[in-house]
Amino acid sequence: MSGSTIIPWVVGNWKMNPMQSEAQQLVQQFVGLLQENEIAEAACHIGIAPVALALNQVKSHLETANRQIYTVAQNVSCQNGTGAYTGEISADLLKDSQINFVLIGHSERRELFADDVKAIQEKVTHSLASGLTVIYCVGESLTQREQGLADQVVLQQICDLAAVVKAEQWQHIVIAYEPIWAIGTGKTASPEDAQAMHAKIREGLSQITPVGAQMAILYGGSVKAENAVELAACPDINGALVGGASLNAESFYKIAQAFAHTK
Ligand code: PGA
């Protein structure tokens, strides 16, 4: 069971969306909703992960909000510093632009862009060394779940992480459990199944680091305004990584509100 002091996180993963004018509108609407009805910073961390091209612009729009909203990078290079790496953005460059958060290990990157364990570990190592907070994604496929391998797969992904995180760096890690079969499919893991996996992840983390009991473990996979409250009610679900529903300001706001009020 989690400690009750974990502040939940609600992070919008915009993926390869939307066009610039829409992004601006989306942020303005969201900031407007927060202005009308504030969600206290102490009640919920909120982050938005736009496309790399829009990071700086979204960041400056978010700075007009009445509270802190983190700008999160969706990806980072396996190379750090600066150099001849065409098309890449390093953790140092993100930090230099005051982007302090990054998603690593998302299943779309693992599956579609060949982010293997080695690449993911390099990204984690560089990001932590550059002072970023890493939102590390784990999750099993439907076949793995049906074969009874879900726990094993997810805990192995946690071990992959543990192999490169130094003792003092765990406080800069947030975990996101995203069963692959629930991403963008409209199928959400039942709160019971999600809670069971979160509890296992927490148990695993607690064996690795003393801060494990206090780490935020987010759920991702078709989180919507309609299912946020019941997910938020689960003791080891400390927030949400939201794809599709984060492209609608009102839905995203309601999800943040659900976590802020239920936790
Ligand atoms: P979804 O995506 O909410 O659209 O299922 C979640 C994610 O991939 O982070």
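Before any of the text, the structure's been laid out above.
For clarity, every value in this text was computed on a predicted model and none was experimentally measured. (Residues numbered from 1 in each chain as written. Predicted model: local features only at pLDDT ≥ 70, side-chain atom pairs only at ≥ 80, totals over all residues. Heavy atoms only, no water.)

### With respect to helix H5 (residues 117–129)
Since the α-helix packs 3.6 residues into each turn, any two residues three or four apart lie on the same face. For H5, with 13 residues, the first-to-last C-alpha span of 18 Å sits near the 18 Å given by 1.5 Å per residue. Residues Ala119, Ile120, Gln121, Lys123, Val124, Ser127 and Leu128 constitute the buried set of H5. Turning to H5, the residues buried within the fold contact helix H3 (91–96), strand S4 (101–104), helix H4 (107–112), strand S5 (133–138), helix H7 (150–162) and strand S6 (173–177). Immediately beyond the C-terminal end of H5, within one or two residues, lies Gly131, with a positive phi of roughly 90°. (Helix = DSSP H or I, 4+ residues; strand = E, 2+ residues; numbered from the N terminus. Expected span 1.5 Å × (residues − 1). Buried < 20%, exposed > 50% of the residue type's maximum accessible area, 1.4 Å probe, protein only. Contact = heavy atoms within 4.5 Å.)

### Side note on the environment of Ala84
The topology assignment puts Ala84 in the loop between strand S3 (70–73) and H3. Between the C-alpha atoms of Ala84 and Ile99, which are 15 residues apart in sequence, the distance is 22 Å.

### Concerning the site of the ligand
Close contacts around the ligand come from 13 residues, with Lys15, His106, Glu178, Gly184 and Ser222 the closest. Interatomic distance of 3.5 Å between a side-chain N/O atom of Asn13 and an oxygen atom of the ligand. Contacts to the ligand include Gly184, whose backbone N or O atom sits 2.6 Å from an oxygen atom. Among the residues making up the shell around the ligand, the classes are represented as 4 nonpolar, 7 polar and 2 charged. (Near = heavy atom within 4 Å. Polar contact = N/O pair within 3.5 Å; in protein donor to acceptor, adjacent residues only side chain to side chain. Nonpolar A, V, L, I, M, F, W, Y, C, P; charged D, E, K, R; others polar.)

### Notes on the side chain of Glu140
With respect to the helices and strands, Glu140 occurs in the loop between S5 and helix H6 (142–146). Residue classification places Glu140 among the buried positions, given a relative accessible area of 0%. A polar atom in the side chain of Glu140 sits 2.7 Å from the side chain of Arg145. Among the polar contacts made by the side chain of Glu140, one reaches the side chain of Tyr177 at a distance of 2.9 Å. If near-sequence neighbours (up to four positions away) are discounted, Glu140 is found in contact with Arg145, Ala150, Val153, Val154, Tyr177, Glu178, Pro179, Ile180, Trp181 and Met197.

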